Amino acid sequence: MTTNVLERTQSDFELTQKNQPLHDSVRQSLENYLSQLKGQSPSNLYELILAEVEEPLMKAVMEYTKSNQSRAAIILGLSRGTLRKKLKMYGMLD
């Protein structure tokens, strides 16, 4: 019975994590990253974060739009040319 309570608690936690606002998820990930540095100063953190976030963002939006570049560009607020440049950069052009 203890296992079921633990599983339910873990499941509830995972559900909470999945429904967590993006802002909170990003902040939590950054806090975890910075705590792992153990006092060392990161360099180029802005570029690092953009590089880590942009590719999965492009993949998710392209999947969501079923590879419709015009629709993806609108959703992302980018020109279609900029979107194509980024897709090419990440090896995502057909």
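Throughout, a residue's number is its position along its own chain's written sequence, starting from 1. The model is predicted, so local features are restricted to residues of pLDDT at least 70 and side-chain atom pairs to those at 80 or more, both for listing and for counting; the totals for chains, interfaces and linings are taken over all residues. Note that water and hydrogens are dropped before the side-chain values are worked out from all heavy atoms of the structure.

K.L.:
Go over the nonpolar core with me, naming the residues and quoting the values.
P.N.:
Here, nonpolar core refers to any group of buried Ala, Val, Leu, Ile, Met, Phe, Trp, Tyr and Cys residues whose side-chain atoms link them within 4.5 Å. The buried label applies to any residue whose accessible area, calculated with a 1.4 Å probe on protein chains only, is under 20% of its type's maximum; exposed applies above 50%, and partly exposed to all values in between. Counting nine residues, the largest nonpolar core consists of Met58, Val61, Met62, Ala72, Ala73, Leu83, Leu87, Tyr90 and Met92. Helix and strand assignments follow DSSP, with helices taken as H or I runs no shorter than four residues and strands as E runs no shorter than two, numbered in order from the N terminus. Taken together, the elements giving at least two residues each to this core come down to α3 (45-64), α4 (69-76) and α5 (80-89). Ranked by residue count, the leading element in this core is α3, at three residues. Working rule for contacts: check all heavy atoms of both residues, and any pair within 4.5 Å makes them a contact. Ignoring any residue separated from it by four or fewer positions in sequence, one finds Met92 in contact with Met58, Lys59, Met62 and Leu87.

K.L.:
Talk me through the packing of α3 against α4; I want residue IDs and the actual numbers.
P.N.:
To get an axis, a line is fitted to the C-alpha atoms, and for a helix only the part in contact is used. The angle between two axes follows their N-to-C directions and goes from 0 to 180 degrees. At a closest axis distance of 9 Å, the pairing of α3 and α4 adopts a crossing angle of 125 degrees. In terms of their interaxial angle, α3 and α4 are classed as oblique. In this structure, α3 meets α4 at a crossing whose hand is right-handed. Residues Leu57, Met58, Val61, Met62 and Tyr64 of α3 touch α4, and the partners they reach there are Gln69, Arg71, Ala72, Ile75 and Leu76. Looking at the contact of α3 with α4 residue by residue, the classes come out as eight nonpolar, one polar and one charged. Just so you know how the angles are binned, under 35 degrees is roughly parallel, over 145 roughly antiparallel, 65 to 115 roughly perpendicular, and the rest oblique. Take the far helix as your reference; a near helix turned counterclockwise from it by less than a right angle gives a left-handed crossing, and one turned clockwise gives a right-handed crossing. Residue polarity follows a fixed list, in which Ala, Val, Leu, Ile, Met, Phe, Trp, Tyr, Cys and Pro are nonpolar, Asp, Glu, Lys and Arg are charged, and the others, Gly among them, are polar.

K.L.:
Quick one: what's the story with the confidence of the model for the chain, residue by residue and with numbers?
P.N.:
Here the chain averages 84 in pLDDT, and 80% of its residues register 70 or above. Taken element by element, the chain is modelled with least confidence in helix α1 (residues 2-18), mean pLDDT 47, and with most confidence in α4, mean pLDDT 98. Across the chain, each position has a pLDDT score giving the predictor's confidence in that residue, from 0 to 100. Of the regions scoring below 50 in pLDDT, residues 1-10 engages in zero contacts with residues more than four places distant in sequence or in other chains.

K.L.:
Can you break down the layout of surface pockets residue by residue, with the values?
P.N.:
In this structure, the largest pocket occupies an estimated 310 Å³ of space. Only protein atoms enter the 1 Å grid used here. Points where a 1.4 Å probe fits but cannot escape make up a cavity, open sets with protein on both sides within 12 Å along at least five of seven lines make up a pocket, and a residue lines them when an atom lies within 4 Å of a point. As for the largest pocket, its lining consists of Leu22, Ser25, Val26, Ser29, Leu30, Tyr33, Leu45, Leu48, Ile49, Glu52, Val53 and Leu57. Taken together, the residues of the lining of the largest pocket break down into nine nonpolar, two polar and one charged. Grid points are joined across faces, edges and corners, and a volume is the space filled by probe spheres set on the points.

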